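Residues per chain, in single letters:
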Amino acid sequence: MLPAYVVAMMNIHDPETYRKYTDKTPPTVKKHGGKFLTRGEKVTTLEGKPYTDRMVILEFPTTKHVKEWLKDPEYQAAAKYRKESSTMGRLLVQEGGTNTDNPDPKL
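Just so it is clear, the structure is predicted and the values come from calculations on it, not from any experiment. (Residues numbered from 1 in each chain as written. Predicted model: local features only at pLDDT ≥ 70, side-chain atom pairs only at ≥ 80, totals over all residues. Heavy atoms only, no water.)

What about the packing of aromatic side chains?
Under the convention used in this document: Ring pairs shown here join Phe, Tyr and Trp side chains whose ring centres sit within 6.5 Å, with only the six-membered ring taken for Trp; geometry is labelled stacked below 30 degrees between planes, edge-to-face above 60, and tilted in between. Here a helix means four or more residues in a row that DSSP labels H or I, a strand means two or more in a row labelled E, and each is numbered from the N terminus. Partly exposed describes any residue whose relative accessible area lies between the buried limit of under 20% and the exposed limit of over 50%, with all areas from a 1.4 Å probe on protein chains only and scaled to the type maximum.
Taken as a whole, this structure holds 4 aromatic pairs when the rule is applied. Arranged with centres 6.1 Å apart and planes meeting at 70 degrees, the rings of Tyr-21 and Tyr-75 form a pair that is edge-to-face. Of this pair, Tyr-21 sits in helix 1 (residues 15–31) while Tyr-75 sits in helix 3 (residues 73–85), and the two are 54 residues apart along the sequence. We classify Tyr-21 as buried; its relative accessible area is 8%. On the numbers, 5.2 Å between centres and 35 degrees between planes, the contact of Phe-60 with Trp-69 is tilted. The exposure class of Phe-60 is buried, given its relative accessible area of 1%. Judged by relative accessible area, Trp-69 falls into the buried class, the value being 3%. An aromatic cluster is present here, built from Tyr-18, Tyr-21, Phe-60, Trp-69 and Tyr-75 joined pairwise through their rings.

Focus on empty space enclosed by the protein
As a reminder of what qualifies: The pocket and cavity definitions rest on a 1 Å grid over protein atoms only: a 1.4 Å probe that fits but cannot leave marks a cavity, an open set with protein on both sides within 12 Å along at least five of seven lines marks a pocket, and residues lining either have an atom within 4 Å of a point. Grid points are joined across faces, edges and corners, and a volume is the space filled by probe spheres set on the points. Each residue receives one of three labels: charged for Asp, Glu, Lys and Arg, nonpolar for Ala, Val, Leu, Ile, Met, Phe, Trp, Tyr, Cys and Pro, and polar for the others, Gly being one of them.
In the structure shown here, the tally under the stated rule is 1 cavity of 30 Å³ or more. Estimates place the volume of the largest cavity at around 140 Å³. Every residue lining the largest cavity is counted, 18 residues in all, and those nearest its centre are Ala-8, Tyr-21, Val-56, Leu-58 and Trp-69. At the level of secondary structure, the elements contributing two or more residues to the lining of the largest cavity comprise strand 1 (4–12), helix 1, strand 2 (35–39), strand 3 (54–60), helix 2 (63–71), helix 3 and strand 4 (86–95). Residues that form the lining of the largest cavity fall into these classes: 13 nonpolar, 2 polar and 3 charged.

Comments concerning the packing of helix 2 against helix 3
Spelled out, the test is: Only the contacting stretch of a helix is used when fitting its axis, a line to C-alpha atoms as for every element, and angles between N-to-C directions run 0 to 180 degrees. For this analysis, residues touch if any pair of their heavy atoms sits within 4.5 Å.
Where helix 2 meets helix 3, the closest approach of the two axes is 5 Å, and the angle between their N-to-C directions is 60 degrees. On the side of helix 2, the interface is formed by Trp-69, Leu-70 and Lys-71, while helix 3 contributes Pro-73, Tyr-75 and Gln-76. Considered class by class, the residues forming the contact of helix 2 with helix 3 number 4 nonpolar, 1 polar and 1 charged.

A look at helix 1
How we decide: By this rule, a helix spans an expected 1.5 Å times one less than how many residues it contains. Fitting axes to the seven residues that end at a residue and to the seven that start at it, the angle between those axes gives the bend at that residue.
Over its 17 residues, helix 1 runs 25 Å from end to end, which matches the ideal 24 Å to within 8%, given 1.5 Å per residue. Where helix 1 bends most, at Thr-25, the angle is about 35 degrees, and the proline Pro-26 comes one to four residues later. What helix 1 keeps buried is the set Thr-17, Tyr-18, Tyr-21, Thr-22, Thr-25, Thr-28 and Val-29. Where helix 1 is buried, its residues contact strand 1, strand 2, strand 3, helix 2, helix 3 and strand 4. Once helix 1 ends, the next one or two residues include Gly-33, with phi positive near 80 degrees.

Laid out in C-alpha cells, this is it:
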C-alpha cells in the first residue's frame, strides 16, 4: 500500500468565502485517513516563473482514500465554497514511491 499525495494549486479571489471552505475541510480529510503536510504556507520559487497562488499538500494512505474523500458528501458541500471563491489551477495526486533510499536513476 503506497501513500498518495495531493497537491492543490489555486488563486483565491474571495478570501472570506474561501475561509468557509478551509473551516470545513480538515474533518473531511481526517475522516479519510489524510493529513495536511502544508496548508497555504509561503511557496518559494527556485526556478521558473514565480508562483504566487495558494498551494496545499496532503497525504492519504492510498489513492483510493483520495478518491473517496473527493466524493464524500461533506467534502462536496465544503467544496462549493472553494469553487465560488477561487480558480483551481491544478489538483494533482501522485503515489509515493517504494524505493526512496536509492531510486532508479533511469526513472
